[in-house]
Amino acid sequence: MTKKSIDDLRSQRWYGPNNMRGMSARARSRQMGFGPEDINNKPRIGIINTWSDMNTCHSHFKDRAEEIKRGVYQSGGFPIELPAMSLGEILVKPSTMLYRNFLAMEAEELIRCHPIDGVVLMGGCDKTTPALLMAALSMNIPAIYMPAGPMLRGYFAGETLGSGTDVLRYWADHRAGLIDDEKLENVVGGMSRSAGTCMVMGTAATMMAIAEVLGMTIPGASSIPAADTSHSLMAASCGRRIVDMVWEDLKPRDIMTEAAFDNATIVDMAMGGSTNAMIHLIAIAGRANIKLNLDRFDKISKRTPVLANIKPSGDFLMEDFYYAGGLRGLMNRLGEHLDLSQINVTGKTLGDAVKDQPVYLDQVIKTLDNPVYPEGGTAILRGNLAPNGCVIKQTAADPKFHKHRGKAVVFKDYTELNLRIDDPNLDVDENSILVLQNAGPIGAPGMPEWGMLPIPKKLLEKGIRDMVRISDCRMSGTAYGTCILHVAPEAAVGGPLGLVKDGDFILLDIASRTLNLEVSDEELDERRENWQPPVYPATRGYTALYGKHVTQADQGADFDFMHAGDETPEPLIF
Ligand code: FES
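None of the values given here were measured: they were computed from a predicted structure.

*Asks:* What is the right way to look at the environment of Ile-80 in this model?
*Replies:* With respect to the secondary-structure elements, Ile-80 resides in strand E2 (residues 78-83). As a C-alpha pair, Ile-80 and Pro-115 span 35 residues in sequence and 9.6 Å in three-dimensional space. Apart from the residues lying within four places of it in its own chain, the contact partners of Ile-80 are Arg-44, Ile-45, Gly-46, Ile-47, Pro-115 and Ile-116.

Following this line, the structure appears as structure tokens:
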């Protein structure tokens, strides 16, 4: 391993030269109250903090940033905190996905333009993790990802509650008239009991775990609940380790290899992870010129059983997962399914990280011969309705719909869906297939999590809780039901989804991985000739840039000018 010397450090290009610029940089350190004994001969460590009062899942990040700084000082580095867009999933509209690429670019440029030698990336709430990893690969300086960790279990009336999953369930009960406003408010009160991310296997938990499998966290970090004292200790250890990584010159592209992405996909499938992981993995890998595609995911899905018995595919919550042995326990159980020779931020192998981690609770992390589900949580479908693929979380779908033929009930956009879904005259029954058009990356824009289309009220009142639903948008990783998502190409760019009409028959068959519209090619050609694209809603600002450059879901929905390429060049300094 090459050991760097102080003269090799990136930050020395700012502080080192004996010229007016160097003098000015050193003078400005004095302005902040730091003298030569604080900064000389020390790596500068950036701490990219996605804290804000609008990100409820990161409310502990002010404390964690201080704990990371403590670790940086302990190892002889100098910490510099840099705030970045916080992307709180619940409050950012129209969708945090619109801004994932924004944060990825912001983090990349924060690293690029500042005199830092290594960086700790603080994320957790859904899009923050992929965005920060995308930035890390683009810049490729030593980096550690510090996961926010899941919040504590929710509780109400003796029952544990899972974020999102049980909100959606209780909301459906409320719409069906089964529970009143007071009970609903009590559910609200018990749902979110501490700092941290959603505590089901939603997108946040999935992506934090994926960051760990990719090698970008301290081993074991992603499973620690945010409120646990071990979380503070983990934050400090991130600070200590990143300083060593700078001297060792251990960088993201050394760690996040093609084999590491396969490991991440295997673990995602074994966790019953969020469907969003497919898009994010493609986008992250793309920043290192690693081409992933949906068929590769499906191949892995077919040979990987679901072991994590966590909502929405299972019964338990992330806090239980931690007590059961956490991600390292699950990876230990997966054993030979994984390439254990891959390295992580410690410089050691994944095998070293997981080899001594037992599983304590078999009902939470199941065995390979008694899995939750015999194959992976996410299946990839293709057919004339989704020529470039789409996804379904098969473990969260009612098995009676795994093979289903039904008549389409079409909504041309989300506004029309909301206006008509509860209309008593809507021509729909429990075998119908609900279709939402124009909700993809361009159509919405930003591909929001509208894919768990609401069940029409008149069917809810009859006790119906699942139907087949198809869209070009995403759904929350906390959601459930027979929801076919990420249809590509999307309706708004001329995909066949935009040609579906009320009454068309659609055939879904998960076992054969197909989704087909039973309309002749001639008829589809005729409809295509009469098709008009929707008007894109922005001509200026970031949303206009997004509309010009975002790629389709099967390509990761990154910007075409960011996806792939070499490391971002260093800025000129004179
Ligand atoms: Fe932040 Fe779910 S809202 S992780």
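Next comes the rest of the write-up.
*Asks:* Please explain helix H7 (residues 165-175) as it appears in this structure.
*Replies:* Since the α-helix advances by 3.6 residues per turn, residues separated by three or four positions end up pointing in the same direction. By the burial criterion, the buried members of H7 are Thr-165, Asp-166, Tyr-170, Ala-172, Asp-173, His-174 and Arg-175. On the buried face of H7, the contacting elements are strand E5 (154-156), strand E6 (159-161), helix H8 (181-191) and helix H19 (457-460). Count one or two residues on from H7 and you reach Gly-177, which has phi positive near 80°.

*Asks:* For this particular structure, what's the right way to read the sheet that holds strand E3 (residues 118-123)?
*Replies:* Note on sheets: strands pair through backbone hydrogen bonds, and any given pair is parallel or antiparallel. A sheet is described by the order of its strands in space; here four strands give the open sequence E2-E1-E3-E4, paired in parallel fashion. A single partner strand is all that each edge strand has here, and the edge strands are E2 and strand E4 (143-147). Neighbour-to-neighbour, the strand axes of this sheet turn through a mean angle of 20°, independent of strand direction. Bridge analysis of E3 against E4 gives five bridges, and the strand direction is parallel. Looking at the pairing, Val-120 lines up with Ile-144 of E4. Helix-sheet contacts for helix H6 (residues 128-139) involve strand E1 (44-49), E3 and E4, and the interaxial angle to E3 is about 165°.

*Asks:* What is the right way to look at the side chain of Gln-357 in this model?
*Replies:* Among the structural elements, Gln-357 can be located in the loop between helix H17 (350-354) and strand E7 (378-383). For Gln-357, a relative accessible area of 13% corresponds to the buried category. Within polar-contact distance, the side chain of Gln-357 engages the side chain of Arg-328 at 3.2 Å. When near neighbours in sequence (up to four residues on either side) are disregarded, Gln-357 contacts Gly-325, Arg-328, Gly-329 and Asn-332.

*Asks:* Help me understand the nonpolar core in this model?
*Replies:* Proteins that are soluble and globular tend to have nonpolar side chains buried together. In this structure, Ile-48, Met-146, Phe-261, Val-267, Phe-297, Leu-327 and Leu-330 are the most contacted members of the largest nonpolar core, which totals 124 residues. Residues contacting Val-267, with those up to four places away along its chain left out, are Val-213, Leu-327, Leu-330, Met-331, Leu-334 and Leu-338. Counting residues in each nonpolar core, the second largest holds 26 residues, with Cys-390, Phe-401, Leu-508 and Ile-510 among its members.

Cut-offs and rules
Residues numbered from 1 in each chain as written. Predicted model: local features only at pLDDT ≥ 70, side-chain atom pairs only at ≥ 80, totals over all residues. Heavy atoms only, no water. Helix = DSSP H or I, 4+ residues; strand = E, 2+ residues; numbered from the N terminus. Contact = heavy atoms within 4.5 Å. Buried < 20%, exposed > 50% of the residue type's maximum accessible area, 1.4 Å probe, protein only. Pairing = 2+ DSSP bridges. Axes fitted to C-alpha atoms, helices over the stretch in contact; angles between N-to-C directions. Polar contact = N/O pair within 3.5 Å; in protein donor to acceptor, adjacent residues only side chain to side chain. Core = buried A, V, L, I, M, F, W, Y, C linked by side-chain atoms within 4.5 Å.

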